[in-house]
Every structure is written in structure tokens, then in C-alpha cells.
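# Descriptive analysis of the structure
The primary structure of each chain is shown beneath.
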Amino acid sequence: MIRKWKEEDQETVMELWLIGNTEVHSFISPKYWRQNYKEIQRVIPIARTFVYEHQGKVKGFVSAMEGYLLGIFVDADIRKCGMGMVLLDCMKQREPNLTVTVYEKNVEAVRFFMRQHFKIESEVTEDATGEKQLMMVWNQEAGK
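Notes on the structure follow. What you see is a predicted model; the values in this text were computed from it and never measured. (Residues numbered from 1 in each chain as written. Predicted model: local features only at pLDDT ≥ 70, side-chain atom pairs only at ≥ 80, totals over all residues. Heavy atoms only, no water.)

### Regarding the packing of aromatic side chains
Geometrically, a pair of aromatic rings is defined through the distance of the ring centres and the angle of the planes. Under the counting rule described, the total for this entry stands at eight aromatic pairs. A centroid spacing of 6.2 Å and a plane angle of 65° characterise the contact between Trp17 and Tyr37, whose relative ring orientation is edge-to-face. Of this pair, Trp17 sits in helix α1 (residues 10-24) while Tyr37 sits in helix α2 (residues 30-43), placing them 20 residues apart in sequence. By relative accessible area, which is 25% here, Tyr37 ends up partly exposed. (Phe/Tyr/Trp six-rings, centres within 6.5 Å; stacked < 30°, edge-to-face > 60°. Helix = DSSP H or I, 4+ residues; strand = E, 2+ residues; numbered from the N terminus. Buried < 20%, exposed > 50% of the residue type's maximum accessible area, 1.4 Å probe, protein only.)

Quick look at the structure:
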């Protein structure tokens, strides 16, 4: 079941965020993610966040703020089972336009967003990591 985020989801959501980032971004030091933990922890409650709950446990989430997709994170045991697409569709139903920034080296994520009708709009090198990021956009009118 997909539902709105609740305060009691915070610890699990943050665990999914930290583990997910360190697992899929092996080219970035885990220290980087730990340094950003508190900021994300502050933002998630004020963003538009939905969780996927299965048998009473939060197994994934999607979060966006003002049309910027903060992320889609799914527990490792259900990755590549379509839940990321379901969570993204949940957000697409609520936001007419979405922007996401994806590391170029995260090839699977780039492919995922391309399959979901996102288009690469620009590239930038992130100062903190030195990694190239792709800014990708989707809008309801162009990409259903």
C-alpha cells in the first residue's frame, strides 16, 4: 500500500535513504551521505513524501518538493521489481512537472528515468563530489 508519510516513518525512511545512496553510488564516499543526512532528515517531513508499506513495514518511499524529485528509494530486497515505477507514478499523479538530478555514473537510474519519459536538460559537475550530474525533466503534457 502507498500512503502519505507519517512522522513515525522518519527513522525507516532515513535508513532507506542512507543505505540506498551508499549502495547505488559506490563512486561517492559514504562520508558524503552521512554529512548530508541531517539536511535530508529536516526536509523529508516538509516535502511531499509517500511511502510503500508492506506487511506493516516501510519498504520504499518517494519524495518531492516544489516539483523537484528528492529521490525514490526502495529496500534492496524489492529493487528491480517495479516498485520504483509505482512510487514515481504516484508522484506524477500529483505533480504536473518533475525535475530530478541523477549522477551520470548511476547508469541504471539514468535508464530508469529515460524509460519514464524524463529528458536530459543539462549537465553539471557537483562541487562537493566532483561527479557529473544530469538534470532530467518530465512534464505531464509531454510524457505520459
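### Side note on α1
For α1, with 15 residues, the first-to-last C-alpha span of 21 Å sits near the 21 Å given by 1.5 Å per residue. Among the residues of α1, Gln10, Val13, Met14, Leu16, Trp17, Gly20 and Asn21 are the ones counted as buried. Buried residues of α1, seen end-on, are gathered within an arc of 155° and therefore sit on one face of the element. Those residues of α1 hidden inside the fold are in contact with α2, β2 (48-54), β3 (57-65) and β4 (68-74). (Expected span 1.5 Å × (residues − 1). Arc of directions from axis to C-beta. Contact = heavy atoms within 4.5 Å.)

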